[in-house]
Amino acid sequence: MSEVIEHRPGNGAPGVAAEDVAGLRSYYWVRGLVAACWVAAAFTIGKNAPVIGAGLLVVYPAWDAVANLVDATRNGGLGRNLTQAFNMAVSFLTTLAVAAMLGNMHAVLAIFGIWALLAGLLQLATGIRRWKTYGAQWVMVLSGAQSALAGIFFFQRAQGSATPGITDIAPYAAFGAFYFLVSALWLSFRRGR
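Along each chain, numbering runs from 1 in the same order as the chain's sequence is written. Side-chain atom pairs in this predicted model are given and counted only at pLDDT of 80 or more, local residue features only at pLDDT of at least 70, and totals for whole chains, interfaces and linings cover all residues. Side-chain descriptors were evaluated using all non-hydrogen atoms of the structure, hydrogens and water having been removed beforehand.

Here we come to the nonpolar core. Throughout this description, the term nonpolar core refers to a set of buried Ala, Val, Leu, Ile, Met, Phe, Trp, Tyr and Cys residues connected via side-chain atoms within 4.5 Å. Each residue is assigned to one of three classes by its accessible area relative to the maximum for its type, calculated with a 1.4 Å probe on protein chains only: buried under 20%, partly exposed between the two thresholds, exposed over 50%. Judged by nonpolar contacts, the single largest core of 27 residues is most densely connected at Trp38, Leu57, Tyr60, Phe112, Trp115, Ile169 and Tyr172. Contributions of two or more residues to this core are made by α1 (18-48), α2 (50-74), α3 (82-100), α4 (105-134), α5 (138-158) and α6 (166-191). What makes two residues a contact is simply this: any of their non-hydrogen atoms within 4.5 Å. In this structure Phe112 touches Leu57, Tyr60, Pro61, Val98, Phe154 and Ile169, once residues within four positions along its chain are discounted. Membership of the second largest hydrophobic core comes to 12 residues, among which are Tyr28, Tyr134, Val139 and Met140. Think of it this way: any DSSP run of H or I at least four residues long counts as a helix, any run of E at least two long counts as a strand, and we number them from the N terminus.

Turning to its location among the elements, Ala116 is positioned in helix α4. Placed 32 residues apart in sequence, Ala116 and Ala148 show a C-alpha to C-alpha distance of 5.6 Å. When residues no more than four places from it in sequence are discounted, the contact partners of Ala116 are Ser147, Ala148, Gly151 and Tyr172.

Aromatic pairs are defined between Phe, Tyr and Trp rings, using the six-membered ring for Trp, whenever the two ring centres lie within 6.5 Å; interplanar angles under 30 degrees are classed as stacked, those over 60 as edge-to-face, and all others as tilted. Enumeration according to the criterion identifies 12 aromatic pairs in this entry. When the centroid spacing of 5.5 Å and the interplanar angle of 85° are considered together, the rings of Tyr60 and Trp115 count as edge-to-face. Placement of Tyr60 in helix α2 and of Trp115 in helix α4 is noted, with a sequence separation of 55 residues between them. Here the aromatic rings of Phe112 and Trp115 are separated by 5.5 Å at their centres, their planes lie at 80°, and the arrangement is edge-to-face. Remark: Trp115 and Phe112 occur in helix α4; sequence separation between them is 3 residues, near one turn of the helix. Across the pair, exposure class does not vary: Phe112 and Trp115 are buried alike.

Let us look at the layout of surface pockets. Its boundaries defined by the atoms lining it, the largest pocket holds a volume of some 480 Å³. Lining the largest pocket are 32 residues, with Arg31, Gln123, Ser143, Tyr172 and Phe180 sitting closest to its centre. Mapped onto the lining of the largest pocket, the elements with two or more residues apiece are α1, α2, α3, α4, α5 and α6. In terms of residue count, α4 provides more of the lining of the largest pocket than any other element does, 8 residues in total. Under the scheme applied, nonpolar residues are Ala, Val, Leu, Ile, Met, Phe, Trp, Tyr, Cys and Pro; charged residues are Asp, Glu, Lys and Arg; polar residues are all the others, including Gly. Its residues assigned to classes, the lining of the largest pocket shows 16 nonpolar, 12 polar and 4 charged. For each structure, a 1 Å grid was placed over the protein atoms alone; sets of points admitting a 1.4 Å probe that cannot get out are labelled cavities, open sets with protein on both sides within 12 Å along at least five of seven lines are labelled pockets, and lining residues have an atom within 4 Å of a point. Grid points are joined across faces, edges and corners, and a volume is the space filled by probe spheres set on the points.

Axis lines are fitted through C-alpha atoms, for helices just across the contact stretch, and the angle between N-to-C directions can take any value from 0 to 180 degrees. Their axes nearest at 9 Å, the elements α3 and α4 cross at an angle of 170°. Between α3 and α4, the interaxial angle falls into the category roughly antiparallel. Of the two possible hands of crossing, α3 and α4 adopt the one that is left-handed. Where α3 approaches α4, its residues Thr83, Gln84, Phe86, Asn87, Val90, Ser91, Thr94, Ala97 and Val98 are matched on the opposing element by Val108, Ile111, Phe112, Trp115, Leu118, Ala119, Leu122, Gln123, Ala125, Thr126, Arg129 and Arg130. Angular relationships are summarised with four words: roughly parallel below 35 degrees, roughly antiparallel beyond 145, roughly perpendicular across 65 to 115, and oblique for the angles in between. Crossing handedness follows the turn of the near helix against the far one: under a right angle anticlockwise gives a left-handed crossing, and clockwise gives a right-handed one.

Put simply, a salt bridge is a Lys or Arg side-chain nitrogen that is within 4 Å of an Asp or Glu carboxyl oxygen. Here the structure, examined in full by the defined rule, presents 3 salt bridges. Of the charged contacts in the structure, one is a salt bridge between Arg130 and Asp71, with a shortest N-O distance of 2.7 Å. Placement of Arg130 in helix α4 and of Asp71 in helix α2 is noted, with a sequence separation of 59 residues between them. On the basis of relative accessible area, Arg130 is assigned to the buried category, the value being 5%. Between Arg157 and Asp168 there is a salt bridge; the shortest N-O distance is 2.8 Å. Taken together, the residues Arg157 in helix α5 and Asp168 in helix α6 connect sequence positions 11 residues apart.

Moving on: the environment of Leu56. Tracing the sequence through the fold places Leu56 in helix α2. Linking Leu56 and Ala41, residues 15 residues apart in sequence, is a C-alpha distance of 8.1 Å. Ignoring any residue separated from it by four or fewer positions in sequence, one finds Leu56 in contact with Trp38, Ala41, Ala42, Gly46 and Ile166.

With that settled, consider the confidence of the model for the protein chain. A residue's pLDDT is the confidence the predictor assigns to it, expressed on a 0 to 100 scale. Averaged over every residue, the pLDDT of the protein chain is 88; the share at 70 or more is 89%. Across the protein chain, the element-wise mean pLDDT spans from 90 in α6 up to 97 in α3.

In structure tokens form, the structure reads like this:
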């Protein structure tokens, strides 16, 4: 039988299993570290090696689709986590669309814009839903809102004359890494109170 976390402010609702909180914390750590590695690769080899940069652009939404699937599966399945199920589907379709449009970086940036907008709104909804179970999810709510705004910015920038590249998308991923890492730290420190 799993240990149940004693109810403390920000520590989750009464009856939340310690393993569930630990699982979510681990998930946030992995999401943050993978995104940070992606950003480092984008700013170093991705911007100088077009083939690697193209691969990174396809891998980023694909990773998001897999991560949403894993998270939803660990938390009762896709049927109980509709925002993550939709997020997984949007990320999977984005992966296909980016792969198909790699020769046109304006189109790729527009696709990333639509994806960031939709994924951000879905993440915001997931954060609000999880707030009831795990306590303060303010970082994920903020991240989702910022992602949606970044999506609008990407879409507008895609209409410009300057040719975009992977370094136009990397700061967005850097903010994502930051938010996931802050969420992991938040759950770690709240657990110890």
